[in-house]
Amino acid sequence: MAKKNDDFFLEKKPWSVVKDEILGCYFKPYVSKILHTYKPLVYVDCFAGKGKFEDGNRGSPLIALEIIDQCRASTTMQQAQINATFIDLNYADDLRRNLGSYPWVKIVSGKYEDNIKTILRGKENCNIFLYIDPYGIKALQCSLFDEFAQGHFNSIELLINLNSFGFIREACHALGTTFDDTTLFADLVEYEPTRMDASEKSISELNEIAGGDYWKPIIVAYKKGEIDGYDAEALFAEKYCMRLRKSYKYVLNMPLRIKKGQRPKYRLIHATNHRDGCLLMVDNICNRWEALQEIQSGGQMQLWAENFDNQAVDEDDIEEKTILHFSQYNCLTSLHDALAMFFMNYGPICSTGYVKKILKGLEEDKRLLVLRNPDYTSRGKKTAFMTEGKGQKISVRWIR
Ligand SMILES: C[S@@+](CC[C@H](N)C(=O)[O-])C[C@H]1O[C@@H](n2cnc3c(N)ncnc32)[C@H](O)[C@@H]1O
């Protein structure tokens, strides 16, 4: 159901709580880690909103700024260089008011798509984090995401809130069919929904958003009744991530449900060229899953463990997938590289620690060769770590 724009900030709705939970919980370890690159961090909230909801809840800008404050306070580094920019087309004044205690931040009144290149100009040496949380899909030009990836930054990460159902609905309109599931769209409560029609202009706008026309066969299959609208959405989200992977090596797709057991309403997409950023997001999703379930289930008890996709966790299945994936590595490969590819193939189905535990078992059974550097501790004991970084390296190779 389309709503008036201003309503969005009256009270913070459950889906905003879930989104912010993921942003906040990822952003904290991200900032702590990224400061150790000794390169500046440039944080841009591209659709920042008002900063605060009318009910007093913090919006994404205040959540990010409080985390930056905490990280600054706890780092031992002399000068943590962090700059933060908040863009909003409608609420720059509210942002100035609500972020008044952060005089060092930059507030931009205008459109993300008109300002972002200027903001990123001259930041080649920096770590860039873009939080992209628009109402609709119109401003999500894929060509901009491609350009960012070419930007020669020290690193770049995008966290995108993709209204994939909104895309499918408009793609249906553009190809002369409809997907107007009233229950779904009543629950979705869209603000400023994008409206397309059966015209060439709409088709080229959708191509620009999707970064290609791969969405068309999906809608054609839906039109023919070969798949339903939910399959179409899931297929589109999968293909969208594959398209982003042309520019970003690691792309994770996290379905957001408003109520437990429901179909996803939105997708949060995390894109990075940094394998450790991808692994950090996997653990963030898995570790925060309980909190997210609390929000989704209104605090009801869970009888069994479920993963990010509300699927029951099947331990045998994860073990099978681990063996299938790691048995491909006939040459020595970095453990973290191989792990990140595991989650690219299967999604964030479990924590990195869970897969590492299975790998340890495979090492003990002499099915997986694990080479550690350093291989001995200073006291002459064989090392057994399973995490790379801070002077530790691990290579793995499948034996049998
Ligand atoms: C979903 S809200 C953002 C909510 C925010 N992330 C939070 O947690 O409080 C989207 C915001 O994008 C703004 N907006 C709409 N079109 C825009 C554009 N092209 N560029 C930048 N901001 C835009 C709207 O005014 C609105 O405040």
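An account of the accompanying structure is given in this report. A quick note: this is a predicted structure, and the numbers were derived from the prediction, not measured. (Residues numbered from 1 in each chain as written. Predicted model: local features only at pLDDT ≥ 70, side-chain atom pairs only at ≥ 80, totals over all residues. Heavy atoms only, no water.)

## Focus on the packing of helix α1 (residues 14–35) against helix α2 (residues 60–74)
Point 1. Where α1 contacts α2, the two axes come as close as 9 Å, and the packing angle between them is 25°. Viewed along their axes, α1 and α2 adopt a mutual orientation that is roughly parallel. Read as a crossing pair, α1 and α2 show a hand that is right-handed. Listed contacts from α2 to Asp20, Leu23, Gly24, Phe27, Lys28, Val31 and Ser32 of α1 are Ser60, Ile63, Ala64, Ile67, Ile68, Gln70 and Cys71.
Point 2. A breakdown of the residues in the contact of α1 with α2 according to their chemical character gives eight nonpolar, four polar and two charged. (Axes fitted to C-alpha atoms, helices over the stretch in contact; angles between N-to-C directions. Helix = DSSP H or I, 4+ residues; strand = E, 2+ residues; numbered from the N terminus. Parallel < 35°, antiparallel > 145°, perpendicular 65-115°, else oblique. Left-handed = near helix turned anticlockwise from the far one by under 90°. Contact = heavy atoms within 4.5 Å. Nonpolar A, V, L, I, M, F, W, Y, C, P; charged D, E, K, R; others polar.)

## Some words on the site of the ligand
Point 1. Around the ligand, a shell composed of 21 residues is seen, among which Ser60, Asp88, Asn90, Tyr112 and Asp133 lie nearest.
Point 2. Between an oxygen atom of the ligand and a side-chain N or O atom of Asn90, the distance comes to 2.7 Å.
Point 3. The class makeup of the residues in the shell around the ligand is ten nonpolar, five polar and six charged. (Near = heavy atom within 4 Å. Polar contact = N/O pair within 3.5 Å; in protein donor to acceptor, adjacent residues only side chain to side chain.)

## Quick look at the pattern of salt bridges
Point 1. Taken as a whole and assessed by the stated rule, the structure comprises 16 salt bridges.
Point 2. In this structure, Asp146 and Arg243 form a salt bridge, with 2.6 Å as the shortest nitrogen-oxygen distance. Placement of Asp146 in helix α5 (residues 142–149) and of Arg243 in helix α10 (residues 229–244) is noted, with a sequence separation of 97 residues between them. Here Asp146 and Arg243 have matching classes, each one buried.
Point 3. Overlapping salt bridges, with partners in common, bring together Lys138, Lys201 and Glu205 in one network. (Salt bridge = Lys/Arg side-chain N within 4 Å of Asp/Glu carboxyl O. Buried < 20%, exposed > 50% of the residue type's maximum accessible area, 1.4 Å probe, protein only.)

## Section: the sheet that holds strand β12 (residues 393–398)
Point 1. An order of β10-β12-β11 is seen for the three strands of this open sheet, with the pairing classed as antiparallel. One side of each edge strand has no neighbouring strand; the edge strands of this open sheet are β10 (333–334) and β11 (368–373).
Point 2. Two elements, β11 and β12, share six bridges in a ladder whose sense is antiparallel. Bridge pairing links Val370 to Val396 in β12. (Pairing = 2+ DSSP bridges.)

## Examining the nonpolar core
Point 1. Phe129 and Phe326 are the most contacted members of the largest nonpolar core, which has 74 residues in total.
Point 2. Here the element with the most residues in this core is α1; it accounts for ten residues.
Point 3. Split by domain, the residues of this core number at least three in each of domain 1 (14–297) and domain 2 (315–398).
Point 4. Setting aside residues no more than four positions away along its own chain, Phe129 makes contact with Leu23, Tyr26, Phe27, Tyr30, Leu41, Val42, Tyr43, Val44, Glu157 and Leu159. (Core = buried A, V, L, I, M, F, W, Y, C linked by side-chain atoms within 4.5 Å. Domains from an automatic or database assignment.)

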